[in-house]
Amino acid sequence: KEVLEMLSRDSNFAPKILLVEDDFLVQRVTRMILSSFGCQVETASTGQEALEKSSQQYDMVLMDIGLPDADGIDVTKKIRQTYTREQLPIIALTAHVQDSRYEKCLAAGMDGVVRKPATKEELALSISCFMRR
């Protein structure tokens, strides 16, 4: 709750986040939550679109693991060829949070994992923990 209050009060907080998610409903709800924190959100629905957009300046990427044209882990590995963890935090979005999947995400260069559907609290915690401010 403290993190939510902090994000809500900080009027200078306007990070640019790339939300990579193919499910329209999950994309819409997550975008609404992030926007309520003051985030600027752009979306990508495929791995290819995420790779193309990743060349733009973002403060964080929220990456779905199961995309229609690619695995989010593979997309992350490609992004990591250009950007370090310090330059661009990448958080996995997945409905299947298991130890083995979590380890694969971290090994691919992701900074953390948020289960879907993500709650406001989980997203706030990920933003506050992993994003440069």
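Residues numbered from 1 in each chain as written. Predicted model: local features only at pLDDT ≥ 70, side-chain atom pairs only at ≥ 80, totals over all residues. Heavy atoms only, no water.

## Points about the sheet that holds strand β5 (residues 112-115)
The five strands are arranged β2-β1-β3-β4-β5 in an open sheet whose pairing can be described as parallel. Both outer strands of the open sheet, β2 (40-44) and β5, are each paired with one neighbouring strand and no more. With strand direction ignored, the average angle separating the axes of adjacent strands in the sheet is 25°. As paired elements, strand β1 (residues 16-20) and β2 share five bridges and run parallel to each other. Directly across from K16, in β2, lies its bridge partner Q40. Together, β3 (60-64) and β4 (90-94) form the strand contacts of helix α4 (residues 72-80), whose direction differs from that of β3 by roughly 150°. (Pairing = 2+ DSSP bridges. Helix = DSSP H or I, 4+ residues; strand = E, 2+ residues; numbered from the N terminus. Axes fitted to C-alpha atoms, helices over the stretch in contact; angles between N-to-C directions. Contact = heavy atoms within 4.5 Å.)

## Section: the nonpolar core
Residues V20, V61, M63 and M110 are the most contacted members of the largest nonpolar core, which totals 18 residues. Put simply, the parts of the chain that give this core at least two residues each are β1, β3, α4, β4 and α5 (99-108). A per-element tally of this core places α4 first, with three residues. Counting residues in hydrophobic clusters, the runner-up holds 17 residues, among them C39, M60, I127 and M131. (Core = buried A, V, L, I, M, F, W, Y, C linked by side-chain atoms within 4.5 Å. Buried < 20%, exposed > 50% of the residue type's maximum accessible area, 1.4 Å probe, protein only.)

## Focus: the side chain of D111
Its location among the elements puts D111 in the loop between α5 and β5. Look at D111 and you get buried, because its relative accessible area is 15%. Polar contacts involving the side chain of D111 include one to the side chain of R80, which spans 3.2 Å. At 3.5 Å, the side chain of D111 and the side chain of R85 are in polar contact. Other than its neighbours up to four places away in sequence, D111 contacts R80, R85, L88, P89, I90, I91, L106 and F130. (Polar contact = N/O pair within 3.5 Å; in protein donor to acceptor, adjacent residues only side chain to side chain.)

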